[in-house]
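The primary structure of each chain is shown beneath.
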Amino acid sequence: VPPLQSASLLPSSADRAQHELDGSAQAQDQISRCFNKLRALRASDSATLKTELNLLFDQLISENYSLNHEGIRAEVVCEMLIHASRLVPLSQEHLIIKLCQLIHQLLNQLQVIVDEHTLDVLVSYCSRALRTCSSWTHTEVLLALSSLLYGNGSRCHRHLPELLGPGGILVSHGDPSQPEIELRRSALHCIANLCLSVPGQPYLEEPYKGVCYGILLRTLQSPKPPDVEDIVFCTLLQSALKGMQYFLNGGKWKAVPNQDLGTLLAILKRLMFYGLPGISVEMPQVLYPAPLPQYETVPAAKPEPSQDSTAQKKTGKKDGEEGEGDHISGPLKTGAGGVDQSGWSHGSQSTSVTSPSGATPQLYPSWKKGSSDSEFSDPEGGMQSKLRLYQARVRQSALQCFLAVVKCVEKRILYGYWSSFVPDAPGIGGPPPLTLLTIALKDPSPKVRAGSLQVLSALLEGSRQFLSNAEDTSAPRQAFTPFSATLAASVRELHRCLLLALVAESSCQTLTQVLKCLAHLVSNVPYNRLRPGLLSPLWKQIRPYVRHRDVNVRVSSLTLFGALVSTQAPLPEIQLLLQQPGSTSALSTPGISTPQELSHNWRLPARRDGEASSPGGGVEGGPEGPCWLLQLCVSLVTQPREEPYSDSDAGGSSGASLEPSPVRLEALQVLAHLVKGYFSMVQTYLLELGQLSARCLAEQDPSVQLHGAKLLEELGTGVIQQYRADANTTPQSAKCVPVCQVVEFWSEVLGGPLISALQNEQHPTLQTSACDTLSSILPQAFSQLPDKTQVLCITILLGLTYSENSLVKPAAVRALGVYILFPCLREDVMFVADTANAILTALDDRSPNVRAKAAWSLGNLTDTLIVNMQAVGLEFQEEFSDMLLLNMLRSATKASGDKDRVKSNAVRALGNLLHFLQPVHLGKPVFEQPLQEAMRALIDTVRGDATMKVRWNACYALGNAFRNHNLPLGSAVWSKEAYSALSYVVTSCKNFKVRIKSAAALSVPLTRDRYGDVHQFAEVWRALAQALEHSEETEDFLEYRYCASLRSQLCRALLHLLSVCQPDDLPALRSSLSDQSRPVLQGFLVHYLSDKGVTLAAGVDGAAGEEAGDHVVPEDGLMVLNETLTRLKGQLEENIWTHSGCQILVENVMNETKKKKKIH
């Protein structure tokens, strides 16, 4: 037959689609007719009804509802099933079986969750059937019951006593004592579905929750009955594990008497190795929290002749269902020299993962030795292969259950069992430790290996605080091994084993999990506390994977690179690795290839002609060449991808198509991390990276635009941090990017698509990121930008502060809060006024996030007012609107009663505003009430129960207000309350940093009259003296690190009070200078004055460093005391001065200090 004629005989795609539609319509009609016939039947005892029900049930059961379910409404199904249950009496057991099969099929294939009425009717029907019908029907009835209970656990409270109460149906059928294994399995299905939590619905309540847990736990603990087949028992374990997983997903783990975590973890650990070839597991009954593993109860691994010996003899067989992607071909097929019987290497890490392409890698698990996944190949009968498959499913279910444990149990509790699941040594000379890494390296199923890596990733996620205890930089101890060294050994073993898994793995899905797990590990390990060398093998090994054929592997490898360059940056080891020569294509370096691709040369190894050698496409690097990681990421973002790819990431790929979007986004993310952590290494390419960001912003994909804007922000922040760090060194270091280059960079950026991104209302997230980018402009560079560019930036930001979007508005307000500190803008009264009005409007927004950003910006704006007051003087103050200042004072006072995140900056702004007020303001009656309210707000915040950061800021604000000589401090009504509040805090606050700041505030007034009357002065003195006397008493051990700073500030404050005190104050001070307290104060003051190296700013926190220049330093203390002594002697009679108490203190302090200085 000619080809054209044969083609004409085949139906077209349109014909086939029409035929399928016709078939679906016929099936729909058939199902509807059956439904209608069933609903038309009425209950009776006639044989005709039984026959019709039989035929209708058979016909309905034979339908495939998964293909023909459109148009079948859930209400119709529920109505029909209720009607059918009324037609089938409990005496007709064959009809009951068919009805239950129909319930199970309809609910599962149509994915219907029945309503509450249907649930009550059908669950009651099934319960009665299980009570009255023969046992041979129970399996089908339980199956139907499990379908009814799915997703309806919270609505079954009326039936729970019958199902889970004493002697309940599910309790009797699901108990391990039940001889019928199928009944047990079906009952466990029901229990699992009862435990399934539905969002928004209440979870199973006690005592039924405990009953379910007990049945599931006993099932997992019970051994296999001798008369039960292995495969059947595997299905039972799977059902119990699924139920336990649903149970654990129901909420946070709570320690109750019958739910011991150690018992559950011991069971899961045993089942994680269930049926694993070559390992015989005898686990302890309970795992206990311990820094060391429980070796004594885990005997040496014994091979299983029945499973492993036959499997090792088979070679050249086909892979089983779960053996996909496990082939190792080429050089990797040969034997793995240097690997012991358990698959663990005795070689070093560095030799294991950097083998040249001509050498055979020596670190492969035993299951990789053959040419195929032989554990699943069993053509001689199939039963052994099937058993292996079911055992692998049990292991996979156990790992999923363990993952649920990790998610529901607090990490601090779970880390007590760390040593039971994570190795701390290779196990040389003995059996290897049975841990999650054993599964990742030895399990023949890629799904199980991936499951173990998922659990390990969940354990590592958020483990930074726990792993921060690891340390091995010091010399090893001989007498004992501290926990820090044990944990460090565990970290090293994790690196070694995961590198082995990376080398050995060939399944792309599992390889992705290995890379993700490594990323979690790298993000949480304290490398600065460990000996260097951990990262170099990892860095070299993952380089080829950025060009892997699978897109997910490429993305995960880039994620790992991002973790490497962002963790504790900058790390010296990473700096050295970044400086190593490289190329845009990792595989173009001779000898570098993934182990899985040594014999699959699917990639063109040669570099393309004319490939750019630098991100700019023409900018040459230094003698060592540009940073290869930067080159790689830029090429992934901008260059057409190299062919061929074997994955399906390209839809309609062409030679000029770019990398898939996930790869490009991850490459941009790595660039952002690289710029943030290692800016000095990429600053040469500032202009080129700016062009790259502009190119991303010009694309249509919002995600690419967003990452481009983020990269711009990191570049700007890197320049700012360089100048900020360099500000303390003179002359200015040549390492900073020149200002002219920064100006050129921002001129190009602001002349490109960034402005369009700022105005793109369809993508508010992009607008938000663009606002953050604008706020990262170097102030020195902003002043040199063209005037129209400056005005454009300010105008756009002012406009965006009135945006309705809750993301854009706070970002714009924050950016204005940054701009208000720019030297070129802060003296512009019009800009300051416009910014103030925008901030005050945002401060009344209903969004707490907007108000928090507005309060921060208001604090910055008031900082600018203080700077202008000192730098510009009256000219700025006269031009600034009094009404605007009044509105700022009122708004800040109102915000000080807001949430803590708003309040902390609101009180800072209040302190600045009170400092800024001038006599012209204070003389106006309109300011009188707001002034009192502002002081009242600060006093209440100091005394209140806000967070320590807020109270610290409030104490600082009061001290700031005390600096204003125009305020009636000492005579105003609020003065006494302010001093009382600070005196209370300095003696009673648990936080020493707050005490330091309150003591600093009490030492601000420069003259005696500003401390009020004699009683007020004495109260301040007594509070400071008492605080100094008890400065070493604290309930929180962490506060001891601030003791030195606190004592220094208290001594400074007391010396200041002595320097301003008057003769009238001496009698009132005598009470605090008793024979008991005087020696204590004397000791502290002598120590302070004699220690020349102690200054207030030298404390651990430097909290009170702002006041360091306001009063005496220790070197001047003796001179101040001498002047005080001379002054008071001249004003008082000798007899009065001698008995004042101060004379003894001052003279003793002076004498002791002089003696100490002579000794030193």
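Residues numbered from 1 in each chain as written. Predicted model: local features only at pLDDT ≥ 70, side-chain atom pairs only at ≥ 80, totals over all residues. Heavy atoms only, no water.

Caption draft 1: Structural view of the overall build of the chain. Scanning the chain from N- to C-terminus turns up 55 helices and 0 strands. The buried share of the chain, reckoned over its 1160 residues, is 55%. In the chain, the proportion of contacts linking residues at least 24 apart, taken out of those at least 6 apart, comes to 75%. Looking at the chain as shown, the accessible area adds up to about 49,600 Å², and 53% of this sits on carbon and sulfur atoms. (Helix = DSSP H or I, 4+ residues; strand = E, 2+ residues; numbered from the N terminus. Buried < 20%, exposed > 50% of the residue type's maximum accessible area, 1.4 Å probe, protein only. Contact = heavy atoms within 4.5 Å. Areas by Shrake-Rupley, 256 points an atom, 1.4 Å probe, with all protein chains shown as cover.)

Caption draft 2: A look at the environment of T235. Its location among the elements puts T235 in helix α12 (residues 230-248). Owing to a relative accessible area of 16%, T235 belongs among the buried residues under this scheme. The sequence separation of T235 and E182 amounts to 53 residues, and the corresponding C-alpha distance is 9.4 Å. Once you skip the residues sitting within four places of it in the chain, T235 turns out to touch R185 and Y390. A polar atom in the side chain of T235 sits 2.4 Å from the backbone oxygen of V232. (Polar contact = N/O pair within 3.5 Å; in protein donor to acceptor, adjacent residues only side chain to side chain.)

Caption draft 3: Layout of the nonpolar core. Grouped together as the largest cluster of nonpolar side chains are 347 residues, with contacts concentrated most on L629 and Y819. The biggest single contributor to this core is helix α16 (residues 383-408), with 13 residues. Discounting residues that sit within four places of it in the chain, Y819 has contacts with L774, S775, I777, F782, C793, I794, L797, L825 and F831. (Core = buried A, V, L, I, M, F, W, Y, C linked by side-chain atoms within 4.5 Å.)

Caption draft 4: A look at the confidence of the model for the chain. The pLDDT averaged across the chain works out to 79; a share of 75% of its residues lies at or above 70. Segment residues 598-624 is flagged for pLDDT under 50; beyond a separation of four residues in sequence, or across chains, it makes 50 contacts in the model. In this model, residues 648-655 is a region of pLDDT below 50 whose contacts with residues beyond four sequence positions or in other chains number 11 contacts. (pLDDT = per-residue confidence, 0-100.)

Caption draft 5: Summary view of helix α20 (residues 446-460). A rise of 1.5 Å per residue sets the reference length of α20, with its 15 residues, at 21 Å; its end C-alpha atoms lie 21 Å apart and thus fit the reference within 8%. Immediately beyond the C-terminal end of α20, within one or two residues, lies G462, with a positive phi of roughly 75°. (Expected span 1.5 Å × (residues − 1).)

Caption draft 6: Representation of the packing of helix α40 (residues 848-871) against helix α42 (residues 882-895). Where α40 contacts α42, the axes come no closer than 12 Å and their chain directions differ by 140°. Compared by their axis directions, α40 and α42 come out oblique. Of the two possible hands of crossing, α40 and α42 adopt the one that is left-handed. Residue-level inspection shows L858, L861, T862 and L865 of α40 in contact with α42, the latter providing L885, M888 and A892. (Axes fitted to C-alpha atoms, helices over the stretch in contact; angles between N-to-C directions. Parallel < 35°, antiparallel > 145°, perpendicular 65-115°, else oblique. Left-handed = near helix turned anticlockwise from the far one by under 90°.)

Caption draft 7: Representation of the side chain of K903. With respect to the element layout, K903 can be found in helix α43 (residues 900-916). The exposure class of K903 is buried, given its relative accessible area of 15%. Excluding residues that lie within four positions of it along the chain, K903 makes contacts with A895, S896, G897, D898, T941, A946 and V950.

Caption draft 8: Focus on α40. Spanning 24 residues, α40 covers 34 Å between terminal C-alpha atoms, matching the ideal 34 Å at 1.5 Å per step. Just beyond α40, the residue with positive phi is G873, at close to 90°.

Caption draft 9: Looking closely at the pattern of salt bridges. Under the definition given, this model contains 25 salt bridges. A salt bridge links R218 to D175; the shortest N-O distance between them is 3.3 Å. You can see R218 sitting in helix α11 (residues 208-221) and its partner D175 sitting in the loop between α9 (169-174) and α10 (181-195), a full 43 residues away along the chain. Residue R218 is classed as partly exposed on the basis of its relative accessible area of 38%. Across the pair R908 and D863 runs a salt bridge whose closest N-O atoms are separated by 2.7 Å. Of this pair, R908 sits in helix α43 while D863 sits in helix α40, and the two are 45 residues apart along the sequence. Look at R908 and you get buried, because its relative accessible area is 14%. (Salt bridge = Lys/Arg side-chain N within 4 Å of Asp/Glu carboxyl O.)

Caption draft 10: Structural context of the packing of aromatic side chains. Overall, the coordinates contain 18 aromatic pairs when judged by the stated rule. Ring geometry for F402 versus F421: centroids 4.5 Å apart, planes at 45°, classification tilted. Here F402 is found in helix α16, whereas its partner F421 is found in helix α18 (residues 418-421), with 19 residues between them in sequence. In this pair, the class of F402 matches that of F421, namely buried. Between W539 and F561, the aromatic rings sit 5.1 Å apart at their centres with planes inclined by 85°, giving edge-to-face as the arrangement. Here the residue W539 occupies a position in helix α24 (residues 535-542), and F561 occupies one in helix α25 (residues 551-566), the gap between them amounting to 22 residues. Taken individually, W539 and F561 each receive the classification buried, so the pair is uniform in this respect. (Phe/Tyr/Trp six-rings, centres within 6.5 Å; stacked < 30°, edge-to-face > 60°.)

Caption draft 11: Inspection of the environment of R995 at higher detail. Within the element layout of this structure, R995 appears in helix α48 (residues 992-1002). Of the residues examined, R995 reaches a relative accessible area of 7% and is grouped as buried. When the C-alpha positions of R995 and L1046 are compared, they lie 7.2 Å apart, and in sequence the two are 51 residues distant. Once residues within four sequence positions are removed from consideration, R995 is found in contact with V985, V986, T987, S988, C989, H1030 and L1046.

Caption draft 12: Fine view of the packing of helix α22 (residues 483-504) against helix α23 (residues 508-524). Where α22 contacts α23, the axes come no closer than 10 Å and their chain directions differ by 160°. Classed by the angle they form, the pair α22 and α23 counts as roughly antiparallel. The element α22 and its partner α23 pack so that their crossing is left-handed. Within the contact between the two elements, α22 uses L494, H495, L498, A501 and L502 and α23 uses L511, V514, L515, C517, L518 and L521. The residue inventory of the contact of α22 with α23, partitioned by class, reads 10 nonpolar, 1 polar and no charged. (Nonpolar A, V, L, I, M, F, W, Y, C, P; charged D, E, K, R; others polar.)

Caption draft 13: Molecular detail of the environment of A812. Assignment of secondary structure puts A812 in helix α37 (residues 808-819). The class for A812 is buried, based on a relative accessible area of 0%. A sequence separation of 10 residues divides A812 from Y802, and the C-alpha atoms of the two residues are 9.0 Å apart. Among residues more than four places away in sequence, those in contact with A812 are C771, L797, L800 and T801.

Caption draft 14: Looking closely at unusual backbone geometry. The omega angle of the peptide bond from A569 to P570 is 0°, so this bond is cis rather than trans. As for its placement among the helices and strands, P570 is situated in the loop between α25 and α26 (572-579). A positive phi is found at Q111, a non-glycine position, where the angle reads about 55°. Overall, Q111 belongs to the exposed group, its relative accessible area being 71%. You will see that Q568, though not glycine, has its phi angle at about 45°, which is positive. Secondary-structure assignment places Q568 in the loop between α25 and α26.

Caption draft 15: Examining the side chain of H548 more closely. Along the chain, H548 falls in the loop between α24 and α25. A polar contact of 3.0 Å, which involves the side chain of H548, links it to the backbone nitrogen of D550.

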